[in-house]
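# Residue-level structure breakdown
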2 protein chains.
Amino acid sequence: MDLFEAMGTARSMRWLKPDPVPDELIEKLLWAGTRASNPNNTQAWDFVVVRDPEVRKALALAIAPGASYVRALPDPGGASGRRTLRGALNLIENFADFPAIIFVCGQNIFPPEAPAETMMYSAIYSAAQNILLASRALGLGCAYTAMHHHNESEIRKILELPDDRHIGVTMPIGFPENEFGPVKRRPLDEVVHQDRW
Amino acid sequence: MDLFEAMGTARSMRWLKPDPVPDELIEKLLWAGTRASNPNNTQAWDFVVVRDPEVRKALALAIAPGASYVRALPDPGGASGRRTLRGALNLIENFADFPAIIFVCGQNIFPPEAPAETMMYSAIYSAAQNILLASRALGLGCAYTAMHHHNESEIRKILELPDDRHIGVTMPIGFPENEFGPVKRRPLDEVVHQDRW
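Let me begin by describing the structure that accompanies this report. (Residues numbered from 1 in each chain as written. Chains lettered and ligands numbered in written order. Predicted model: local features only at pLDDT ≥ 70, side-chain atom pairs only at ≥ 80, totals over all residues. Heavy atoms only, no water.)

So, on to a negative patch on the surface. On the surface, a cluster of negative charge is made up of A:Asp2, A:Glu5, B:Asp2 and B:Glu5. With respect to the element layout, B:Glu5 can be found in helix 1 (residues 3-9). (Patch = residues over 30% accessible without salt bridge, like charges linked within 9 Å, V, L, I, M, F, W, Y side chains within 5 Å. Areas by Shrake-Rupley, 256 points an atom, 1.4 Å probe, with all protein chains shown as cover. Salt bridge = Lys/Arg side-chain N within 4 Å of Asp/Glu carboxyl O. Lys, Arg positive; Asp, Glu negative; His and termini not counted. Charge placed at Lys NZ, Arg CZ, Asp CG, Glu CD. Helix = DSSP H or I, 4+ residues; strand = E, 2+ residues; numbered from the N terminus.)

Next up, the structure:
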């Protein structure tokens, strides 16, 4: 798929089919993630791919309390915002049924005089963006989320994550339930400044 | 250009020609940046595009002290690491000559119970990754850098950046001096974990 077509239609897909995703497609997503920008090619990232139904079930139980958090959020006051909230709830409530979840993790190996944490996250978030774009090109749905924050300590235990690894992005993956619509954004002139602010 | 071809060859280009870049290509980069993932479509980002030679000169003076920082870094002990350091130095020393610089900025609008700073950066870094990929597809060179850290306070003054905006990525843009080679990464099995760590 053409790069710009993928970018123009790569939205987080929060409604996913339970059908399994072929291993070679997951591998292609991971290939894409590892092609991302990262500080001085340090590649201080790790990808935990969960497909085992038992592990998915344990993860789903861990994040289940997140549903009440999402339900208590204020009404975003617009059709699009409400759809996003319904989607977030759907992700939590059906977490065990998605065929794969990729956790994009990072390690803070950067010197203390550098803005260390943000350097680590530049690798993680760039990798996640590549995975989202690659999903789109492969006809897969993928949600770029911070769902692990609903219960990070328990998720870390289930994944047996070493203490020095941080979870940056939680990405449920599956074939999409819905069509891919265009990415909707504000006009450029609202966010672009010429030469100075 | 095909998405996967762009991902497989989109490296930070640290050697750029001074030739001007047509406005429509810069606009396409900004379009790409604004298509990126961001929390709940909040789009809490801003892009400052500097083309004015006087502003570029002022910025170049501001970051010039960064050259001694780079020169004092330990030898990375490999051809690729050394090339990156030479490239970083080249970016600092020729900053005024690059036809355009995009500063990807963010605003921390996220609630305090959220991991607010990292949510902001997820938008910024995803946008920068999209800009890097789009540059590749358009035949432009682009470097994904944190060069602003060499003298952030002065750069903020030159750009007249409001206090509540953060600079996340500094991206010099221009036609590339060198060929685009393949992105080199460790094998997947060194960074991918199945079902748990």
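A separate point is the packing of aromatic side chains. Counted under the stated rule, the structure contains nine aromatic pairs over all chains. Geometrically, the ring pair formed by B:Phe95 and B:Phe98 is edge-to-face, given 6.5 Å between the ring centres and 75° between the ring planes. Assigned by exposure class, B:Phe95 and B:Phe98 land together as buried. Taken together, the ring pairs connect A:Tyr121, A:Tyr125, B:Tyr121 and B:Tyr125 into an aromatic cluster. In this structure, A:Lys28 packs its charged tip against the face of A:Trp31, placed 5.9 Å from the ring centre. Over the ring of B:Phe180 we find B:Arg136, and its NZ or CZ is 4.0 Å from the ring centre. (Phe/Tyr/Trp six-rings, centres within 6.5 Å; stacked < 30°, edge-to-face > 60°. Buried < 20%, exposed > 50% of the residue type's maximum accessible area, 1.4 Å probe, protein only. Lys NZ or Arg CZ within 6 Å of the ring centre and 35° of its normal.)

Once that is clear, we can look at the pairing of strand 4 (residues 165-174) of chain B. All names here are of chain B. Taking burial as the measure, the 10 residues of strand 4 include nine buried ones, the bulk of the element. Pairing analysis gives eight bridges linking strand 2 (residues 100-107) to strand 4, with the strands arranged antiparallel. Paired with valine 104 across the bridge in strand 4 is valine 169. Pairing geometry for strand 3 (residues 141-142) and strand 4, over two bridges, is antiparallel. Counted as the bridge partner of glycine 141 is glycine 174 from strand 4. (Pairing = 2+ DSSP bridges.)

Taken as rigid bodies, chain A and chain B are interconverted by a rotation of 180° and an axial shift of 0.0 Å, the fit giving an RMSD of 0.0 Å. On this basis, the relationship between the two copies can be described by a two-fold rotation axis. Mapped onto chain B, 100% of the interface residues of chain A are again interface residues, and the two copies thus contact each other with one and the same surface. (Least-squares fit on C-alpha atoms with pLDDT ≥ 70 in both. Contact = heavy atoms within 4.5 Å.)

Don't take any of this as a statement about function, it's just geometry.
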